[in-house]
Amino acid sequence: MDGIPPRSGIRERLGLRPIINVSGTMTALGASIAVPEAIAATTAILPEFVEINDLHRLASRTIARLTGAEAGFVTASCAAGITLAVAACMTGADLARIERLPNPAGMRARVPIMLGHMVGYGAPVEQAIRLAGATVVPFGQATSVKPYQLEAVLDDQTACALYVVSHHCVGYGQLPLDEFAAICRSRNVPVVVDAASEYDLRGFLAAGADLVCYSAHKFLGGPTAGIVGGRKDLVRATFLQNMGIGRGMKVGKESILGTIAALEAWERRDHAAVRRIEQAALDLWRERLAGIAGLVATVEPDPTHNPLDRLKVSIDPAPANITAWELADRLGAGSPPVIVRDHEVEHGYFYLDPCNLHPGEASVVAERIVAEMATARARPAANHEPASARRQRRSARLLAWPD
């Protein structure tokens, strides 16, 4: 387990597990490794007083420059951004309406969303709509959506339509964003895009979105925050929600400035060099895992077309004497704990994501997998626990918190 440089040791001092994250930019794991520029900016501003709205104006200019938006706004998270963007489409800049939410009386309050986009990211995405006081209007079938189905749900009570870009969404049979946006535009309905984990800062607005919501603390490596960019009038109305339901989703000076710093760092980042580091981890894993009985490792591109590949680790329980979910659990419970990307593990595979590794950790991940596979093969033939039992155990553990 050598090769990892000295770290602060903060986790150990607090009694927290020193996990290695090969799951990706997951909020439940702390999202990402913050870039030095964001750390420096948040540290510098914390002791200082500042007029928050001046910081918001600075952030708006930065977001506009990097995304091609007319304006931008920083909020508490991407999920908060979705709620406030929906609210903005309901109220506009009318402060009386803003104060009335989540009571939508007298406002357009219907928000269509494709059934295949009604995903969970730790909470149901449709709850972000309902928090604004809006009504969720699912349309289409989960695996098949036609233009006429969207046209049929757009009426004079429609506030906006929500489009989700996520690996959780159904990956086929959905309307592409440009077609979705064109239909909505023909009815003067704004389109809000949830692009929390997406690298593309310009493409969604270019495809016709009116507002796009990003996470600052995922691929950007910023502090916990959300970014909303798009039409100036709608961004202004999103900002004004701070005088209403947005008050509980407000963002502090450190997160606003840290987000600005993370965006500027993204602009300067050597993305090709980052890709080379990630590719080196993938190459190491493929080499170290080759030839293990019952294990097949293949590289797969990101399903939403981010410039990122992951290693798919498929497990055949018969020769491996272990299931994919048992291996995932053993990796997570061992020393050091390795947390894999296991949202599809009941299908017999999980992923290794290289985008959040500290130096030396790729080798540790390989060593842990090799060791766990050897231990599994050496034990007597196992009666494998079904994936459903694992799921029930996890649910019970969540409900038991705090102990």
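Scope of this entry: the structure provided in the associated data block. (Residues numbered from 1 in each chain as written. Predicted model: local features only at pLDDT ≥ 70, side-chain atom pairs only at ≥ 80, totals over all residues. Heavy atoms only, no water.)

Some remarks on the packing of aromatic side chains
The tally for this structure, following the rule as stated, stands at nine aromatic pairs. The interplanar angle of 50° and the centroid separation of 6.5 Å between the aromatic rings of Phe204 and Tyr214 together place this pair among those described as tilted. With Phe204 in helix 9 (residues 203-206) and Tyr214 in strand 7 (residues 211-215), the pair connects residues that are 10 residues apart, well separated along the chain. Accessibility classification places Phe204 together with Tyr214 in one group, the buried group. Taking the centre distance of 6.3 Å and the plane angle of 75° together, the rings of Tyr214 and Phe219 count as edge-to-face. For Tyr214, a relative accessible area of 3% puts it in the buried group. Take Phe219: its relative accessible area is 7%, and that puts it in the buried class. Taken together, Tyr199, Phe204, Tyr214, Phe219 and Trp266 form an aromatic cluster joined through their ring pairs. Lying across the ring of Phe49, Lys253 places its NZ or CZ 5.9 Å from the centre. The ring of Tyr349 carries Lys312 above its face, with NZ or CZ at 4.1 Å from the centroid. (Phe/Tyr/Trp six-rings, centres within 6.5 Å; stacked < 30°, edge-to-face > 60°. Helix = DSSP H or I, 4+ residues; strand = E, 2+ residues; numbered from the N terminus. Buried < 20%, exposed > 50% of the residue type's maximum accessible area, 1.4 Å probe, protein only. Lys NZ or Arg CZ within 6 Å of the ring centre and 35° of its normal.)

Thoughts on the packing of helix 4 (residues 78-91) against helix 10 (residues 232-240)
Direction vectors running N to C along helix 4 and helix 10 enclose 110°, while the axes themselves pass 8 Å from each other. Judged on the interaxial angle alone, helix 10 and helix 4 are roughly perpendicular. Relative to helix 10, the crossing made by helix 4 is right-handed. Touching Leu84, Ala85, Ala88 and Cys89 of helix 4 are Leu234, Ala237 and Thr238, all from helix 10. (Axes fitted to C-alpha atoms, helices over the stretch in contact; angles between N-to-C directions. Parallel < 35°, antiparallel > 145°, perpendicular 65-115°, else oblique. Left-handed = near helix turned anticlockwise from the far one by under 90°. Contact = heavy atoms within 4.5 Å.)

As for the sheet that holds strand 9 (residues 295-301)
Two pairing modes exist for strands in a sheet, parallel and antiparallel, and in both the strands are linked by backbone hydrogen bonds. Within the open sheet, the three strands sit side by side as 9-10-12. Their pairing is antiparallel. Looking at the sheet topology across the chains shown, the edges are occupied by strand 9 and strand 12 (349-352). With direction set aside, neighbouring strand axes in the sheet form an average angle of 30°. Relative to strand 12, strand 10 (residues 309-315) runs antiparallel, the two being bridged by four bridges. Looking at the pairing, Lys312 lines up with Tyr351 of strand 12. Helix 14 (residues 324-333) contacts strand 10 and strand 12 of the sheet and is inclined by roughly 40° relative to strand 12. (Pairing = 2+ DSSP bridges.)

Description of the pattern of salt bridges
Following the criterion strictly, the structure yields 12 salt bridges and no others. Asp155 is the partner of Arg110 in a salt bridge, and the nearest nitrogen-oxygen pair spans 3.1 Å. Here Arg110 is found in strand 3 (residues 110-114), whereas its partner Asp155 is found in the loop between helix 7 (147-153) and strand 5 (161-164), with 45 residues between them in sequence. A relative accessible area of 25% places Arg110 in the partly exposed class. One salt bridge connects Arg231 with Asp210, and the closest N-O pair in it is separated by 3.4 Å. Here Asp210 lies in the loop between helix 9 and strand 7 and Arg231 lies in the loop between strand 8 (226-230) and helix 10, a separation of 21 residues in the sequence. In this structure Asp210 comes out as buried when scored by relative accessible area, which is 15%. In this structure, a network of salt bridges that share partners links the residues Asp302, Arg310, Arg341 and Asp353. (Salt bridge = Lys/Arg side-chain N within 4 Å of Asp/Glu carboxyl O.)

A short note on the pairing of strand 4 (residues 135-139)
In terms of strand pairing, strand 3 meets strand 4 through five bridges, oriented parallel. Across the sheet, the residue bridging to Ile113 is Pro138, located in strand 4. For the handedness criterion, the β-α-β arrangement of strand 3, helix 6 (residues 125-130) and strand 4 is classed as right-handed. (Right-handed = clockwise from strand over helix to strand, strands pointing away.)

Observations regarding the nonpolar core
Generally speaking, a soluble globular protein has its nonpolar side chains buried in company with each other. One finds Leu150, Phe180 and Val193 to be the most contacted residues of the largest nonpolar core, which totals 52 residues. With eight residues, helix 11 (residues 253-268) is the largest single contributor of residues to this core. Those residues in contact with Leu150 that lie beyond four places of it in its chain are Phe139, Leu175, Phe180, Ile183 and Cys184. Phe73, Ile82, Cys160 and Val228 belong to the second largest nonpolar core, which has 37 residues in total. (Core = buried A, V, L, I, M, F, W, Y, C linked by side-chain atoms within 4.5 Å.)

Regarding the side chain of Lys253
With respect to the secondary-structure elements, Lys253 resides in helix 11. The buried charged residue Lys253 lacks any salt bridge partner; its closest oppositely charged side chain belongs to Glu254, at an N-O distance of 6.0 Å. Within the structure, the side chain of Lys253 is placed 2.6 Å from the backbone oxygen of Glu48, a separation counted as a polar contact. (Lys, Arg positive; Asp, Glu negative; His and termini not counted. Polar contact = N/O pair within 3.5 Å; in protein donor to acceptor, adjacent residues only side chain to side chain.)

Points about the environment of Thr27
Note that Thr27 resides in the loop between strand 1 (20-22) and helix 2 (36-45). Expressed as a C-alpha distance, the spacing of Thr27 and Gly122, which sit 95 residues apart in the sequence, is 8.5 Å. If near-sequence neighbours (up to four positions away) are discounted, Thr27 is found in contact with His217 and Lys218.

Concerning a nonpolar patch on the surface
On the surface, Ile10, Leu14 and Leu16 cluster together into a nonpolar patch covering about 290 Å² of accessible area. With respect to the helices, strands and loops of the structure, Leu14 is situated in the loop between helix 1 (10-13) and strand 1. Judged by relative accessible area, Leu14 falls into the exposed class, the value being 57%. (Patch = residues over 30% accessible without salt bridge, like charges linked within 9 Å, V, L, I, M, F, W, Y side chains within 5 Å. Areas by Shrake-Rupley, 256 points an atom, 1.4 Å probe, with all protein chains shown as cover.)

With respect to helix 15 (residues 361-378)
Its 18 residues give helix 15 an end-to-end C-alpha distance of 26 Å, which sits within 8% of 26 Å, the value for a rise of 1.5 Å per residue. All of the buried residues along helix 15 are Glu361, Ala362, Val364, Val365, Ala366, Arg368, Ile369, Glu372, Met373 and Ala376. (Expected span 1.5 Å × (residues − 1).)

Focus: the pairing of strand 6 (residues 191-194)
Burial along strand 6 is two-sided: the face carrying Val191 and Val193 and the face carrying Val192 and Asp194 are both buried. As defined by bridge partners, strand 5 adjoins strand 6 across four bridges and the pair is classed as parallel. Across the sheet, Tyr163 pairs through a bridge with Val193, a residue of strand 6. Where the polypeptide runs from strand 5 across helix 8 (residues 177-186) and back to strand 6, its parallel neighbour, the crossover connection is right-handed. Of the strand pairs in this sheet, strand 6 and strand 7 are connected by three bridges, and their pairing is parallel. Paired with Val192 across the strands is Leu211, a residue of strand 7.

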